[in-house]
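Each chain, letter by letter, is given below.
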Amino acid sequence: MTSVPSSEDEAQLRRVLALTHQRDWCMERLSQLSLDGRMDEARAITAEHLELLETLDARRSLWVRIERSDA
């Protein structure tokens, strides 16, 4: 019998998928910049996103929830 994932498990999965999407975007961008010979820009992206590119840990990443205030 398969258990139903909890809402916390689902939230964790969404976070992992979001980080994976960000990492994939960075890698695609780095590849394109390198192919175009834009090495300074590729290095800048690498420096800015190095932690994301090295490790993908949704539990250790900072997550911010933005809520609208109708004040």
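Right, let's walk through the structure included here.

Cut-offs applied
- Position numbers for residues count from 1 along each chain, tracking the sequence in the order it is written.
- Where local features are concerned, this predicted model is filtered to residues with pLDDT of at least 70; where side-chain atom pairs are given and counted, the filter is 80 or more; whole-chain, interface and lining totals use all residues.
- No hydrogens and no water enter the side-chain calculation; it runs on all heavy atoms of the structure.
- Starting at the N terminus, helices and strands are each numbered in turn, a helix being any DSSP run of H or I of at least four residues and a strand any DSSP run of E of at least two.
- Partly exposed residues are those whose accessible area sits between 20% and 50% of the maximum for their type, while under 20% is buried and over 50% is exposed, using a 1.4 Å probe and protein chains only.
- Throughout, the Shrake-Rupley method with a 1.4 Å probe supplies accessible areas, and for residues the shown protein chains are the sole cover considered.
- By definition here, a salt bridge exists when the distance from a side-chain nitrogen of Lys or Arg to a carboxyl oxygen of Asp or Glu is within 4 Å.

## Considerations on the overall build of the protein chain
The number of helices and strands found in the protein chain is 3 helices and 0 strands. Ordered by position from the N terminus, the helices and strands of the protein chain form the series α-α-α. By residue count, 13% of the 71 residues in the protein chain fall in the buried class. Carbon and sulfur atoms provide 51% of the accessible area of the protein chain, an area that totals close to 6,400 Å².

## Observations concerning the pattern of salt bridges
It is possible for side chains bearing opposite charge to pair when their charged atoms get close. Tallying each qualifying case throughout the model produces 4 salt bridges. Residue Arg-23 pairs with Asp-24 through a salt bridge whose shortest N-O separation is 3.7 Å. Since its relative accessible area comes to 35%, Asp-24 is described here as partly exposed. Across the salt bridge formed by Arg-68 and Asp-70, the nearest N and O atoms sit 3.4 Å from each other.

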